[in-house]
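Summary of the model geometry
Each chain, written out:
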Amino acid sequence: MCGIVGFTGVIPAAPVLLEGLARLEYRGYDSAGIAVFQNHKILIKKACGRLKTLCDLISNGINYDSPTGIGHTRWATHGKPSDDNAHPHRSQDGSFAIVHNGIIENYAMLKRQLQEKGYQFSSETDTEVVAHLLQDNYNGDLFDTIVRTLQMLEGSYALGILNVDHPDELYAVRKSSPLIVGTSNQGNMIASDIPAILPLTRKVYYLNDNEIVRLTKNSVEIFDLQHHLLDRAVTTIDWDVSAAEKGGYEHFMIKEIMEQPKALRDTITPRIKNGQIHLDGIEIDQALLQNIQRINIIACGSAYHVGVVAKYVIEELCRIPVFAEIASEFRYSNPIVDENSLVIIISQSGETADTLAALREAKARGATILSIVNVVGSSIANESKNVLYTWAGPEISVATTKAYSTQLALMYLIALYIAQRLGRVDDTQTSNLLAQIAALPDKVEQILKLAPKIETLAQRYAYLEHAYFIGRNLDYAVALEASLKLKEISYIHSEAYAAGELKHGTISLIEDGTFVAGLACVKRLVAKTMSNIKEVKARGAEVLLLTCEDYDIHSDEVDHILTIPSTHELLMPSLEVVPLQLLGYYVAKARNCDIDKPRNLAKSVTVE
Ligand code: F6R
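Residues numbered from 1 in each chain as written. Predicted model: local features only at pLDDT ≥ 70, side-chain atom pairs only at ≥ 80, totals over all residues. Heavy atoms only, no water.

Considering the sheet that holds strand β14 (residues 235-236)
Our working rule: Pairing between two strands requires that DSSP report at least two bridges joining them. Strands here are runs of E lasting at least two residues and helices are runs of H or I lasting at least four, both read from the DSSP assignment and numbered beginning at the N terminus.
Read from one edge of the open sheet, eight strands run β3-β2-β4-β1-β10-β9-β11-β14, paired in antiparallel fashion. Among the strands making up the open sheet, the edge pair consists of β3 (41-48) and β14.

Rendered as structure tokens:
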């Protein structure tokens, strides 16, 4: 939610900022702006709409030679998308300009107090109070001014701060919102996420909450709030710039779908050595496992859907009750979690506000935490004792695909690892499952060859208003993800239903031509699901069936059929999700949707 950048160096800042913002646009894209120094003042340029509107307005920044500046791309929280509400925001006297990602929870009270002092507001944002407070608190000592301002704020923030008296400096601070610092011999940069700094450097410093960083063209100093200089090691990012570019594909989403075999290999291969599972040295106490009463899996959106698959898998392999829970519900539910609980947190970004809050809640109650995260150094990774990284590389498309697949792969390894440690699977079962997990990337590669067929099929569905995805057990868990994928990028209303549940109400919506995707990949339940499919066919539904190539199904029982190779029943979701991702993508493409940036959405949801 919102992307911020800042740069100070030996080259003009504006092009660096705009390039950085382009790589953060997935975080929000309703308005954008930059601030740079000009004639001893701070010049702010901003525009409602996509970043391109701003770039056109300022001729890509080529006329500004200031080597220091900040920039922002917005996902509106307080106030509609507009020029006024776009960041950067300035203090009343123009001495400060700031960009902000997060939410200032006590902004209304602060705004009232500032208005009583005579400050006038030109936006509806929570952020503008910070700019005025900086002016109000300013005493010539910039560090002290920032600290005193932060002490008045409640909520979450990553802030980039410019001050007219310090034109060669850039200050930044983070609390519960992501922020990294890139360093190079051309200058130093702050950003909400790694892709923004990659054109400049691969060397980064990760910041922790309540740290303030002061950048000049040739120095990066990280302080705590007491002004102690902190020692921080530089980390080298091993992604290259092209990892965050489209590489000839029309959209990031299709590039990321196609990258899944590699992402799966990178995630799985290092964790299987000599027929054994190696989970990066995570520590889960044997006594905890022996006494464990329940496992909670907590996440949002697609990551939650991974949790739903994992519930079936862990319960089957480990015979431990598993509760897959939506983080925003879990955090306010007075959860039954204690020292005997294992809590698995799943998050691509590692910054999702509800998931982070749920993690903190579970930790406070004494649970052992194991997190599955894609972004190295993210808040969830930092706050978890046990972290398993998905090695999916940067995921730019708002709709997740390769992160979902790699999260799922890790969940299989975790389930098997726990089952093994509890002696619930024997060596033969373990090696059979491990061999099948290792074979998943090749099978996904094979399934991706269905793309042209699915693209053709998708033309038929371009004018749908409603869609239903039905399945049982693991097929139902995948239906949840397939339905979300279609609806979020194509804007077709879609629901996922447990196939056997449909007749308890929802079947009344099925009429002539209603689209139903039937998922029948769980072999032992194929006959049951096919009965439900016949029920909707009898009511006029147009059915697309997804099943395995070696199951005995007559294609004349449905309107269209997609078949995929089979694997161990528990692993089928890894394969069946792929054609359904392609279906969502190609339907959205046929409808001319803005696939990588669906309306109202943003990646990395850092507000609750
Ligand atoms: C849907 C999608 C979202 C995310 C959710 C959690 O395609 O991407 O539903 O899965 O916002 O995000 P992370 O995994 O970053 O916590």
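Still more to cover.
Notes on the pairing of strand β18 (residues 322-326)
To keep it simple, the criterion reads: With the strands aimed away from the viewer, a crossover counts as right-handed if its path from the first strand over the helix to the second runs clockwise.
Sheet topology note: the strand β17 (residues 294-299)/β18 ladder contains five bridges and is parallel. Bridge pairing links A299 to I326 in β18. Handedness of the β-α-β unit built from β17, helix α9 (residues 301-318) and β18 comes out right-handed.

Structural notes on the side chain of T8
Filter applied, for reference: Relative accessible area decides the class of each residue, using a 1.4 Å probe on protein chains only: under 20% of the type maximum gives buried, over 50% gives exposed, and in between gives partly exposed. Polar contacts, as counted here, are pairs of nitrogen or oxygen atoms within 3.5 Å of one another; within protein the pair requires one atom able to donate a hydrogen and one able to accept it, and residues that are adjacent in sequence qualify only if both atoms are side-chain atoms.
If you trace the backbone, T8 turns up in strand β1 (residues 3-9). Its relative accessible area of 1% is what places T8 among the buried residues. In this structure the side chain of T8 is engaged in a polar contact, spanning 2.9 Å, whose partner is the side chain of T68.

A few points about the pairing of strand β7 (residues 155-163)
Along β7, nine of the nine residues are buried, which leaves the element largely enclosed by surrounding structure. Side-chain alternation along β7 places G155, Y157, L159, I161 and N163 on one buried face and S156, A158, G160 and L162 on a second face that is also buried. As defined by bridge partners, β7 adjoins strand β8 (residues 170-175) across five bridges and the pair is classed as antiparallel. Pairing of A158 across the sheet is with R174, part of β8.

A closer look at the pattern of salt bridges
Close approach of charged atoms allows side chains of opposite charge to pair. As a reminder of what qualifies: A pair is scored as a salt bridge if a Lys or Arg side-chain nitrogen falls within 4 Å of a carboxyl oxygen belonging to Asp or Glu.
The tally for this structure, following the rule as stated, stands at 30 salt bridges. The salt bridge involving E569 is made with R524; its shortest N-O contact spans 2.7 Å. One end of the pair, E569, is in the loop between β26 (560-564) and α19 (572-590); the other, R524, is in the loop between β24 (515-520) and α18 (526-538), and 45 residues separate them in sequence. Taken together, the shared-partner salt bridges in this structure form one network comprising R174, D209, R360 and E383.

A look at the site of the ligand
Selection rule: Note on terminology: near, applied to a residue and a molecule or strand, indicates that one of the residue's heavy atoms is within 4 Å of it. The accessible surface values rely on the Shrake-Rupley method and a 1.4 Å probe; as for residues, cover is taken only from the protein chains in view. Each residue gets one of three labels, nonpolar for Ala, Val, Leu, Ile, Met, Phe, Trp, Tyr, Cys and Pro, charged for Asp, Glu, Lys and Arg, and polar for the others, Gly among them. Domains are outlined according to an automatic or database domain assignment.
Around the ligand lies a shell of 14 residues, among which S347, Q348, S349, T352 and E488 are the nearest. The contact in question runs from an oxygen atom of the ligand to an N or O atom on the backbone of S302, over 3.1 Å. Measuring from an oxygen atom of the ligand, one finds a backbone N or O atom of Q348 at 2.6 Å. Surface burial for the ligand is 87%, taken as the share of its 410 Å² of free accessible area covered by protein chains. When contributions to the shell around the ligand are tallied by element, the ones reaching two or more residues are α9 and α17 (474-490). Partitioning the shell around the ligand into residue classes produces five nonpolar, seven polar and two charged. Counting contributing residues per domain, the shell around the ligand is built from domain 2 (246-438) and domain 3 (446-597), each supplying no fewer than three.

A look at the nonpolar core
The condition is simple: The definition of a nonpolar core used throughout is a set of buried Ala, Val, Leu, Ile, Met, Phe, Trp, Tyr and Cys residues joined through side-chain atoms within 4.5 Å. By definition in these notes, contact holds between two residues if any of their heavy atoms fall within 4.5 Å.
I295, I314, L317, I344, M411, I418 and F469 are the most contacted members of the largest nonpolar core, which has 120 residues in total. The element that contributes the greatest number of residues to this core is helix α13 (residues 402-421), accounting for 13 residues. Once you skip the residues sitting within four places of it in the chain, I314 turns out to touch I295, I297, R319, I320, V322, I344, M411 and A415. By size, the runner-up hydrophobic cluster in this structure holds 35 residues, among which are F7, L17, L18 and M189.

Here's the deal with the packing of α17 against α19
To be explicit about the condition: For helices, the fitted axis covers only the stretch in contact; all axes are lines through C-alpha atoms, and the angles between them, taken along N-to-C directions, range from 0 to 180 degrees. For classification, angles of less than 35 degrees are called roughly parallel, those exceeding 145 degrees roughly antiparallel, those between 65 and 115 degrees roughly perpendicular, and all remaining angles oblique. Helix crossings get a hand from a simple test, with the near helix turned counterclockwise from the far one by less than a right angle marking a left-handed crossing and a clockwise turn marking a right-handed one.
Following both chains from N to C, one finds α17 and α19 inclined at 20°, their axes separated by 9 Å at the closest point. The angle between α17 and α19 falls in the class roughly parallel. Along this stretch, α17 crosses α19, giving a crossing that reads as right-handed. Note on element contacts: α19 touches α17 through P573, E576, V577, L580, Q581, G584, Y585, V587 and A588, opposite L474, D475, V478, E481, A482, K485, L486, I489 and S490.

What to know about the packing of aromatic side chains
In plain terms, the rule: Note on aromatic contacts: the rings of Phe and Tyr and the six-membered ring of Trp form a pair at centre separations within 6.5 Å, being stacked when their planes are under 30 degrees apart, edge-to-face when over 60 apart, and tilted otherwise.
With the rule as written, the count across this model stands at six aromatic pairs. With a centroid separation of 5.5 Å and an interplanar angle of 35°, the aromatic rings of Y389 and W391 are classed as tilted. With a centroid separation of 6.3 Å and 75° between ring planes, the pair formed by F469 and F515 is classed as edge-to-face. Placement of F469 in strand β22 (residues 466-471) and of F515 in strand β24 is noted, with a sequence separation of 46 residues between them. F469 sits in the buried class, given a relative accessible area of 1%. Cluster of aromatic residues (ring-pair linked, three or more members): Y461, F469 and F515.

Observations regarding the sheet that holds β7
The strands that make up a sheet are held in pairs by hydrogen bonds between backbone atoms, and each pair lies either parallel or antiparallel. One open sheet accounts for six strands, arranged β5-β6-β7-β8-β12-β13; its pairing is antiparallel. Sheet topology places β5 (89-90) and β13 (219-223) at the edges, where each strand pairs with a single neighbour. Of the strand pairs in this sheet, strand β6 (residues 96-104) and β7 are connected by nine bridges, and their pairing is antiparallel. Counted as the bridge partner of I103 is S156 from β7.

So, the state of the cysteines
Rule in force here: Cysteine sulfur atoms that pair up within 2.5 Å are treated as a disulfide.
Applying the stated criterion across every chain, the model contains zero disulfides. Between C55, a free cysteine, and C48, which holds the nearest cysteine sulfur, the sulfur-to-sulfur gap is 15 Å. With relative accessibility at 13%, the residue C55 sits in the buried group. C521 takes part in no disulfide bond, and the closest cysteine sulfur to it belongs to C548, at a distance of 4.6 Å. In this structure C521 comes out as buried when scored by relative accessible area, which is 0%.

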